[in-house]
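Architecture at a glance
The lines below spell out each chain.
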Amino acid sequence: MSNLLQDRNTVYGEMKNIMSLENRSEGDFAKYNELEAKYSSLTKQIEAEVRFDAIKSSMGAALDKRAVGSSKSGNDDEVRSAFLNYIRTGDVSEVRNINSFTSAEGGVNVPVILLGQIQKALLENSVMRRVGARVINTTSTTTLPITNTAPTALWKDQNPSASYAETPQTFSSATLGAYKLTGLIKISEEVLQDASTDLESTVASNLGVAFGNAEETAFVSGSGVLQPTGLFRTTAAGGNNVLSQNLGSSTGSALLDNMIAAYYKMPGNRRQEACWIVGDGLASQMRQLKASTAGTYLWETSVQLGQPDTFMGRPVYTTFAAPASWQSTTGVMGGLLYPQHYVIGDRGGYALTRLNELYAAEGNVGYKAMKRVDATLTDGNSFVKLVANVA
C-alpha cells in the first residue's frame, strides 16, 4: 500500500509541474493525459487494497476473541504452531491447551492469523465477493432494516408557524441466516512429511478454492434449499420486484439496444456504481458489440492487473455459474448489479477436522472443513436480470 501511495504522489507531482507551466505544448498535454491515466490506475489499486483490508478485518473481528483473545495461553506464533502441528501430525494435545481453539464439532478452528490467506484465496474464487458486495459477520440470525423509499425534502414558508409537511416513507427487512458449507480436501503424506512445505499456503489455497467455487454457484444460482437463494433466482427483495430485461435471441445491434435498455432500467444513482455479472455465453456476444458498424468495441480489456474488463464503462465479471452458451440457452444469462445492496453474512470462521484413515490407502490425509454463510439481495431495484428467450 505504501509503495502505491508513494507512486501516486510522484505522479501527482509531475502532473502539478506540467499544469504550472505558463505555455504548455502539445507534448505537455499528451504527457499530462498519460500521467492522469496512471494516477487513475494507481487510485483504483489503492481503493482495491483498502476494500480488501476492510474485508480481511471484518473476517477476523468476529473470531479474535474466540480463537485467540480468550485462549488461556499462547501468542500468535504458538497458536499458528499448534494449528500447523495438528495439520501435519494429527496431534491435538497442543490445541487443547489453548481453550476455545477446538470447535464444537470436534475439529480445530482455523486461527485468525491464517484467515487473511484463506480470504485472499476465497476472493479469487468467489465472484460475488470480488464485485464489492457488503460482507458482515453475524453471530445469529440477522435482520437487515431496509428503507424502501427515500425521505423527501420540501420547500417551506419561512413563517415560523408554518407546519412541516410529512412525506411518506416505507420500510422492510431482509434476513440473513447461516447455511452450513462443508468440503473435503486432501494433502499427500509426502507433503505433510516435508518440513519445507508451506502448509499455511497449501491449506489456505485448498480451502479458498473449495469454498469459493461452492459460494459462487450458490450466490449466483443457488436453489435456496440447504443453500442461499441465488441472485439470478431472486424475484423480489426489499419490497421491490427484481428488474428484468428480455434479450430475446438477438445479437449485434439488436442485442446492444437491449443491453442499453437494461442499463437504464436501474435507478440513476445506482447504475453509475453497478457492474455486469455474466456467463461466458453472454460475454462472448458482448465482446462483439461496437459503437457503430465501423466503430470501436464497447468491451474494453483491462490493462491493469487485478482490474476487471469494462462494458459501457461498467466493470464486467464472468461467472461459471451462469450459462456458458448463447444460442441454445433460455434463461437468465447475467445481470446488472449495484453491489452495495448485496450482503454476505459470514457466521464465525472455519473449522477443520483431520481424517487420518479416510484416504490412507491413497497415501493422502483428508481434512473435513466447515463454515457457515448466507447471502441476500436487499433491494429488487438494485439488480436487472438479463434474460434470453431462444426459440
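Described below are features of the structure shown in this document. (Residues numbered from 1 in each chain as written. Predicted model: local features only at pLDDT ≥ 70, side-chain atom pairs only at ≥ 80, totals over all residues. Heavy atoms only, no water.)

Quick word on the overall build of the protein chain
- Regarding its fold elements, the protein chain presents 11 helices and 16 strands.
- A total of 391 residues make up the protein chain; the buried ones form 44% of that total.
- Here the analysis covers contacts within the protein chain between residues at least 6 apart in sequence; of these, 75% occur between residues at least 24 apart.
- Total accessible area on the protein chain is roughly 20200 Å²; 49% of this is exposed by carbon and sulfur atoms. (Helix = DSSP H or I, 4+ residues; strand = E, 2+ residues; numbered from the N terminus. Buried < 20%, exposed > 50% of the residue type's maximum accessible area, 1.4 Å probe, protein only. Contact = heavy atoms within 4.5 Å. Areas by Shrake-Rupley, 256 points an atom, 1.4 Å probe, with all protein chains shown as cover.)

Re the packing of helix H3 (residues 76–89) against helix H8 (residues 199–221)
- Taken N-terminus to C-terminus, the directions of H3 and H8 make an angle of 75 degrees; their axes are 11 Å apart at the nearest point. It follows that H3 is roughly perpendicular to H8 by the angle criterion. The segment H3 lies against H8, with Arg-80, Leu-84, Ile-87 and Arg-88 engaging Leu-199, Glu-200 and Val-203. (Axes fitted to C-alpha atoms, helices over the stretch in contact; angles between N-to-C directions. Parallel < 35°, antiparallel > 145°, perpendicular 65-115°, else oblique.)

Some remarks on the pattern of salt bridges
- Following the criterion strictly, the structure yields seven salt bridges and no others.
- Salt-bridge contacts for Lys-186 lead to Glu-362; the nearest nitrogen and oxygen are separated by 3.1 Å. With Lys-186 in strand S5 (residues 179–188) and Glu-362 in the loop between strand S14 (342–355) and strand S15 (364–377), this residue pair connects regions lying 176 residues apart in the sequence.
- The class of Lys-186 is partly exposed, set by a relative accessible area of 39%.
- Across the salt bridge formed by Arg-287 and Asp-309, the nearest N and O atoms sit 3.2 Å from each other. Remark: Asp-309 occurs in the loop between strand S10 (299–300) and strand S11 (310–311) and Arg-287 occurs in the loop between helix H11 (280–286) and S10; sequence separation between them is 22 residues.
- Of the residues examined, Asp-309 reaches a relative accessible area of 17% and is grouped as buried.
- Overlapping salt bridges bring together Arg-129, Glu-215, Asp-346 and Lys-371 as one network. (Salt bridge = Lys/Arg side-chain N within 4 Å of Asp/Glu carboxyl O.)

What to know about the packing of aromatic side chains
- Applying the stated rule across the entire model yields five aromatic pairs.
- Relative to Tyr-350, the ring of Phe-211 lies with its centre 5.6 Å away and its plane at 55 degrees, an arrangement referred to as tilted. Of this pair, Phe-211 sits in helix H8 while Tyr-350 sits in strand S14, and the two are 139 residues apart along the sequence.
- Taking the relative accessible area as the measure of exposure, Tyr-350 reaches 2% and is therefore buried.
- Ring geometry for Phe-219 versus Tyr-342: centroids 6.4 Å apart, planes at 65 degrees, classification edge-to-face. On the criterion of sequence distance, the pair formed by Phe-219 in helix H8 and Tyr-342 in strand S14 is long-range, its members being 123 residues apart. Take Phe-219 and Tyr-342: they sit in the same class, and that class is buried. (Phe/Tyr/Trp six-rings, centres within 6.5 Å; stacked < 30°, edge-to-face > 60°.)

Section: unusual backbone geometry
- The residue Leu-226 is not glycine, and still its phi comes out positive at about 60 degrees.
- Within the secondary structure layout, Leu-226 lies in the loop between H8 and strand S6 (236–237).
- Positive phi, close to 55 degrees, is recorded for Met-312, a residue that is not glycine.
- You can see Met-312 is positioned in the loop between S11 and strand S12 (314–318).

With respect to the sheet that holds strand S16 (residues 383–388)
- With mixed pairing, the seven strands of this open sheet are ordered in space as S8-S16-S13-S9-S12-S11-S10. One side of each edge strand has no neighbouring strand; the edge strands of this open sheet are strand S8 (243–248) and S10.
- Judged from the two bridges that link them, S11 and S12 form a sheet pairing that is antiparallel. Bridged to Thr-310 within S12 is Pro-315.
- Across the sheet, helix H9 (residues 252–265) is in contact with S8, strand S9 (275–278), S11, S12, strand S13 (331–337) and S16; its angle to S8 comes to roughly 180 degrees. (Pairing = 2+ DSSP bridges.)

What to know about the pairing of S15
- The element S15 is largely enclosed, with a buried count of 12 among its 14 residues.
- Bridge count for S5 against S15 is 10 bridges, and the pairing is antiparallel. Looking across to S15, one finds that Tyr-179 is bridged to Val-373.
- Pairing between S14 and S15: 11 bridges, direction antiparallel. In the sheet register, Tyr-342 faces S15, and the bridge partner there is Leu-377.

A closer look at the side chain of Arg-129
- Looking at where Arg-129 falls in the secondary structure, it is placed in helix H6 (residues 127–130).
- Arg-129 sits in the buried class, given a relative accessible area of 2%.

Comments concerning the environment of Val-112
- Residue position: Val-112 is located in helix H5 (residues 112–125).
- Spatially, the C-alpha atom of Val-112 lies 8.9 Å from that of Asp-76, the residues being 36 residues apart in sequence.

A word on the environment of Met-333
- Structurally, the position occupied by Met-333 is in strand S13.
- If we ignore the near neighbours within four places in the chain, the residues touching Met-333 are Phe-232, Val-278, Gly-279, Gly-281, Leu-282, Ala-322, Pro-323, Ser-325, Trp-326, Leu-386 and Ala-388.

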